[in-house]
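One-letter residues, chain by chain:
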Amino acid sequence: VQLQASGGGLVQVGDSLRLSCAASGVTISRYGMGWFRQAPGKEREFVAAISWTGGGTYYADSVKGRFTISRDNAKNTVYLQMNSLKVEDTAVYYCAAALSPLYYGNSRTTSVYEYWGQGTQVTVSS
């Protein structure tokens, strides 16, 4: 099972980026999917998650209203649309897959996720 995150880069404050997480070796249609991020010297933190049906989406307060998680099961891919980027969004972003049903209470917990991608760097410059 591989999760390949891509789409990161260097942007300026207020810009947008769309991250993609392409899965291989597994069909993600039965997995809940999440995005986490880790800034230098900080712990990995939850960003967003989506249930396997796509009917449930969950966000960290820091990104709510700016980021949107979505999934295209036909393409075996999950996306994170990031708008109005801030300097504090700078981090390595990781996607992850969970066999367990995701809901508000557990989606923020890294241990729920069985598979992790390698990460993609997002740098927001002022």
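A short tour of the structure in this document, coming up. (Residues numbered from 1 in each chain as written. Predicted model: local features only at pLDDT ≥ 70, side-chain atom pairs only at ≥ 80, totals over all residues. Heavy atoms only, no water.)

As a further point, take the sheet that holds strand S1 (residues 2-6). Taken together, the four strands give an open sheet; going across it, the order is S1-S3-S8-S7, and neighbouring strands pair in antiparallel fashion. What marks the edges here is a single partner per strand, and that holds for S1 and strand S7 (67-72). Strand-to-strand twist in this sheet, taken as the mean axis angle between neighbours without regard to direction, amounts to 15 degrees. As paired elements, S7 and strand S8 (residues 77-82) share six bridges and run antiparallel to each other. Bridged to phenylalanine 67 within S8 is methionine 82. (Pairing = 2+ DSSP bridges. Helix = DSSP H or I, 4+ residues; strand = E, 2+ residues; numbered from the N terminus. Axes fitted to C-alpha atoms, helices over the stretch in contact; angles between N-to-C directions.)

With that settled, the discussion passes to the packing of aromatic side chains. Per the counting criterion, the structure on display carries five aromatic pairs. Taken together through their ring pairs, the aromatic side chains of Phe36, Phe46, Tyr113 and Trp116 make up a single cluster. Sitting over the ring of tryptophan 116, arginine 44 keeps its end group 5.0 Å from the ring centre. Over the ring of tyrosine 104 we find arginine 108, and its NZ or CZ is 4.1 Å from the ring centre. (Phe/Tyr/Trp six-rings, centres within 6.5 Å; stacked < 30°, edge-to-face > 60°. Lys NZ or Arg CZ within 6 Å of the ring centre and 35° of its normal.)

Read these as geometric descriptors, not functional statements.
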